[in-house]
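Structural overview
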Amino acid sequence: MPRLVSRVEALDRIRNETGEVACLMCAIRDRRAGPVFVVHEDDHQLVLLPRYVRRWGQLMVMPKRHAVSFGEIDDETWAETNRLVLHAARVVERVMRPRRCYLASTGSAAGEITQSSTHLHVHVIPLLEPDDKPADIFSWSAGVYIADSEEWESLRARYGEAW
């Protein structure tokens, strides 16, 4: 069963897995950030289960090429990213049966390892509770969910079958 850990513990775990990396998303793409549970991958895009989440069942879609602004990404790549985001949201709806999904491209130049990665990416977040609010979903202040490899693999397989 996924379990809630504190923000501090999650950040410590991420730092221990990755060391000091310039870009967490590139480290994930390059398999230098612990296990990666891939739902879909091609030459240009990666769809995966992020291992530190605010809601169980969250997916992340990211272009493989490092880009930190919309001005740095070509129209074709961003269109394909968004096509995959829509497909990922439909898969999440079929598998998790949430009330709704949030789609969010988070990130900033703030420099924190999470919630502000400068590498463009989009989260697909299933909302199961009627009172889920953006402040609850996008902040790690209340902690994040982690799971063991078997739980991640089971969810990855369910999403893979629905993909």
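You'll find the structure just up there.
So, a few notes on the structure that sits alongside this text. Because the structure is predicted, anything quoted here is derived from the model rather than measured.

Summed over the entire model, instances satisfying the criterion amount to nine salt bridges. The partner of arginine 32 in a salt bridge is aspartate 30, and the shortest N-O contact between them spans 3.5 Å. The partly exposed category is assigned to aspartate 30, whose relative accessible area is 37%. Each member of the salt-bridge network shares a partner with another, and the members are Arg29, Asp30 and Arg32.

Take the sheet that holds strand β3 (residues 45-49) next. With antiparallel pairing, the five strands of this open sheet are ordered in space as β2-β3-β4-β6-β5. Each of the sheet's edge strands pairs with one partner strand only, and the pair in question is β2 (37-41) and β5 (100-104). Direction aside, neighbouring strands of the sheet carry axes that sit 20 degrees apart on average. The pairing of β2 with β3 spans four bridges and is antiparallel.

Rules used in this analysis
- In this numbering scheme, every chain counts its residues from 1 along its sequence in written order.
- Only residues with pLDDT of 70 or above have their local features reported here, since the model is predicted, and side-chain atom pairs are shown and tallied only from 80 upward, although totals for entire chains, interfaces and linings are computed over all residues.
- The basis for the side-chain values is all heavy atoms of the structure; hydrogens and waters are excluded.
- Salt-bridge detection follows one rule: a side-chain nitrogen of Lys or Arg within 4 Å of a carboxyl oxygen of Asp or Glu.
- Each residue gets one of three labels from its accessible area relative to the maximum for its type: buried under 20%, exposed over 50%, partly exposed in between, using a 1.4 Å probe on protein chains only.
- Any two strands between which DSSP finds at least two bridges are classified as paired.
- Numbering goes from the N terminus for both helices and strands, where a helix is a DSSP run of H or I of at least four residues and a strand is a run of E of at least two.
- To obtain each axis, a line is fitted to C-alpha atoms, and for helices this fit is confined to the stretch in contact; angles are then taken between N-to-C directions over 0 to 180 degrees.

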